[in-house]
Amino acid sequence: MKPKTKVMCPQCGAEFAIADKEKTMVATIIGKDSGLGMVYPTVIGQDAPTQKTKLPKTAKERIDALRVAGVNVSNLFAMQGANGNECVASNKDGQLTILEDDDPIFKMIVSQGDVPNRRLFRRWVMAQMFHMMTCTDYHLGEPLGVTKMIHRLGYEYQWKMLFRELHAQKAMEERDYENFADRNRWFNTEVVLAMAKDYVKKLQKHIESLRVKKCKGVHYKKIGGNNIFEVDIEAKIYRPLYAEIYNIQQAKNSIQLYNAAKKFNDRRIKMPYDTPQCKEWVNAYKGTGAFFTIQNLVRFHNCIVINDEGKRLNKQQSLAFLLSKAEAYKHGEGWRLLALLKKILDDNNIDIKKKIAEWRK
């Protein structure tokens, strides 16, 4: 058996891509005076740097580019004229319109590869994160900090936010897997399971703190508006919750996870506002907030990342660096991305308060 042919860089060990089978090719000799400009060999696992984003040729490719950029393409479709030329058409509110090649949305793809859209989830998240980072104490005039601002949202907020998130993931897992993966990185079965188990522990402490009452000599407690005998608490309160926790563990996709979490939530008894939130949820909240804020700053606000070695990265390198950090911190260390966000704001001389004032205008 012949050994597999590999072409490796002697400096960094990168493996260059070569054809699976031998082919006859016309070779170009490259020298300093060849006049070819920069030449990039293809590297395994990497994309060659691109000089400029080009407008996709076919209508389908243009719609796909808009989808990747985060634009709602549900009302767009490809059309072909009698001469064979393709175009993108929009059917919104019963009005059929054609998107011309010089449409601003296509110009934006060509100029920077991303389309700013104020309805995008990541842009809404950035606004919320900036608000949390700048909000000050009314009496002291000092920043409260993200952690304290999250706690101010109250215990039940974490469940409301979770179901909005799981519902969104359920809709995008099949049709938009890239965005699904970015969001599922933080809010997934692992986090939902941690929240459910954390809830049961806090519920037990809450029930233990309730006053014991008597009915004909039998002890009972008023739990969630219902009078329950102490001997029935295990069967009526805890066992059903444990059964739903098992169903959460068995969830294999976003739909099953949403349904299992909803059934658990339907059995929940609302907790006092000041009950401490689940730490796994807090970490996930910080992680997703920082991740989409950094992504937004790089995509739409010309920010760059300075990596761990002090090297300034370009746009695509910055996004790749962010992705690698997100993967490294996804298991309970989302708070670390918050530190990265603060560093990127400093490195790019971004004053959050000035930025907010600019947006208000």
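Residues numbered from 1 in each chain as written. Predicted model: local features only at pLDDT ≥ 70, side-chain atom pairs only at ≥ 80, totals over all residues. Heavy atoms only, no water.

A.B. asks: Lay out the overall build of the protein chain in plain terms, naming residues and giving numbers.
C.D. replies: When helices and strands are counted, the protein chain shows 13 helices and 8 strands. Residue burial in the protein chain is summarised as follows: out of 361 residues, 39% are buried. A separation of at least 24 residues holds for 60% of the contacts in the protein chain among residues at least 6 apart in sequence. Total accessible area on the protein chain stands at roughly 23,300 Å², and carbon and sulfur atoms take up 51% of it. (Helix = DSSP H or I, 4+ residues; strand = E, 2+ residues; numbered from the N terminus. Buried < 20%, exposed > 50% of the residue type's maximum accessible area, 1.4 Å probe, protein only. Contact = heavy atoms within 4.5 Å. Areas by Shrake-Rupley, 256 points an atom, 1.4 Å probe, with all protein chains shown as cover.)

A.B. asks: Could you give an account of the pairing of strand β7 (residues 218-223), with specific residues and numbers?
C.D. replies: Relative to β7, strand β6 (residues 213-215) is paired through 3 bridges, and the arrangement is antiparallel. Of the residues in β7, the one forming a bridge with K214 is H219. In this structure, the hairpin formed by β6 and β7 is closed by a connection of 2 residues, where K216 is found at a positive phi of approximately 55 degrees. Bridging between β7 and strand β8 (residues 226-229) involves 4 bridges; their strand directions are antiparallel. When the sheet's bridge partners are listed, K221 is paired in β8 with I228. (Pairing = 2+ DSSP bridges.)

A.B. asks: Tell me what's going on with the pattern of salt bridges, and back it up with residues and numbers.
C.D. replies: Per the counting criterion, the structure on display carries 11 salt bridges. Note that E165 is salt-bridged to R183, the shortest N-O span being 3.0 Å. One end of the pair, E165, is in helix α5 (residues 157-172); the other, R183, is in helix α6 (residues 177-184), with 18 residues separating them in the sequence. Assessed through its relative accessible area of 4%, E165 is described here as buried. (Salt bridge = Lys/Arg side-chain N within 4 Å of Asp/Glu carboxyl O.)

A.B. asks: Would you mind going over α6 in detail, with residue names and values included?
C.D. replies: Every buried residue of α6 is listed here: N179, F180, D182 and R183. Along the axis of α6, the buried residues cluster in a sector spanning 160 degrees; they form a single face. The outward face of α6, more than 90 degrees from its buried face, is lined by the exposed residues Y177 and E178. (Arc of directions from axis to C-beta.)

A.B. asks: I'd like to hear about a positive patch on the surface, residue by residue, with values.
C.D. replies: Judged by side-chain charge, K197, K201, K205 and K279 come together as a positively charged surface patch. The topology assignment puts K197 in helix α7 (residues 189-209). Among the residues examined, K197 registers a relative accessible area of 41% and is labelled partly exposed. (Patch = residues over 30% accessible without salt bridge, like charges linked within 9 Å, V, L, I, M, F, W, Y side chains within 5 Å. Lys, Arg positive; Asp, Glu negative; His and termini not counted. Charge placed at Lys NZ, Arg CZ, Asp CG, Glu CD.)

A.B. asks: Break down the environment of E165 for me, citing the residues and quoting the values.
C.D. replies: Distance from E165 to Y258, taken between C-alpha atoms, is 9.4 Å for residues 93 residues apart in sequence. In terms of polar contacts, E165 uses its side chain to reach the side chain of R183, at 3.0 Å. (Polar contact = N/O pair within 3.5 Å; in protein donor to acceptor, adjacent residues only side chain to side chain.)

A.B. asks: Explain the nonpolar core residue by residue, including any values.
C.D. replies: Judged by nonpolar contacts, the single largest core of 73 residues is most densely connected at Y199, I237 and W281. Setting aside chain neighbours within four positions, we find I237 in contact with L203, I207, I223, I228, D232 and I269. (Core = buried A, V, L, I, M, F, W, Y, C linked by side-chain atoms within 4.5 Å.)

A.B. asks: Any chance you could break down the packing of helix α10 (residues 279-300) against helix α11 (residues 315-328) for me, citing the residues and the numbers?
C.D. replies: At a closest axis distance of 10 Å, the pairing of α10 and α11 adopts a crossing angle of 175 degrees. Our classification of the angle between α10 and α11 gives roughly antiparallel. Where α10 approaches α11, its residues F291, I294, Q295, V298 and R299 are matched on the opposing element by K315, S318, L319, L322, L323 and A326. Here the contact of α10 with α11 is built from residues that sort into 7 nonpolar, 2 polar and 2 charged. (Axes fitted to C-alpha atoms, helices over the stretch in contact; angles between N-to-C directions. Parallel < 35°, antiparallel > 145°, perpendicular 65-115°, else oblique. Nonpolar A, V, L, I, M, F, W, Y, C, P; charged D, E, K, R; others polar.)

A.B. asks: Residue-level account of unusual backbone geometry, with values.
C.D. replies: Although it is not a glycine, K216 sits at a positive phi angle of roughly 55 degrees. Looking at the element boundaries, K216 is found in the loop between β6 and β7. Classification of K216 by relative accessible area gives exposed; the value is 84%. For N349, which is not glycine, the phi dihedral falls at a positive 55 degrees. Positionally, N349 belongs in the loop between α12 (335-347) and α13 (352-360). Assessed through its relative accessible area of 70%, N349 is described here as exposed.

A.B. asks: Which residues make up α11, and what values go with them?
C.D. replies: Helix length check: α11, at 14 residues, gives a terminal C-alpha distance of 20 Å against a target of 20 Å (1.5 Å per residue), a fit within 8%. Of the positions making up α11, those classed as buried are S318, L319, F321, L322, K325 and A326. Take α11 and look down its axis: the buried residues cluster within an arc of 160 degrees, on one side only. Structurally, the start of α11 carries an N-cap: the backbone nitrogen of Q316 is 3.2 Å from a side-chain oxygen of N314. (Expected span 1.5 Å × (residues − 1).)

A.B. asks: Pulling in residues and values, what's your account of the sheet that holds β7?
C.D. replies: Sheet strands pair via backbone hydrogen bonds, and the direction of the pair is either parallel or antiparallel. One open sheet accounts for 3 strands, arranged β6-β7-β8; its pairing is antiparallel. Among the strands making up the open sheet, the edge pair consists of β6 and β8. Taking the axes of each pair of neighbouring strands and ignoring which way they run, one obtains an average angle of 45 degrees across the sheet. Against the sheet, helix α8 (residues 233-249) touches β7 and β8, its axis set at about 110 degrees to β8.

A.B. asks: How would you summarise the side chain of D182 if you had to cite specific residues and measurements?
C.D. replies: Inspection of the secondary structure assignment puts D182 in helix α6. Aside from chain neighbours lying at most four places away, what touches D182 is F291, F292, Q295 and L323.

A.B. asks: Residue-level account of the side chain of S254, with values.
C.D. replies: By the element assignment, S254 lies in helix α9 (residues 254-267). Residue class for S254 comes out buried when judged on its relative accessible area of 7%. In this structure, S254 is in contact with Q169, K170, E173 and F180, ignoring residues within four places of it in sequence.

Everything listed here is a matter of coordinates, which is why it stays silent on function.
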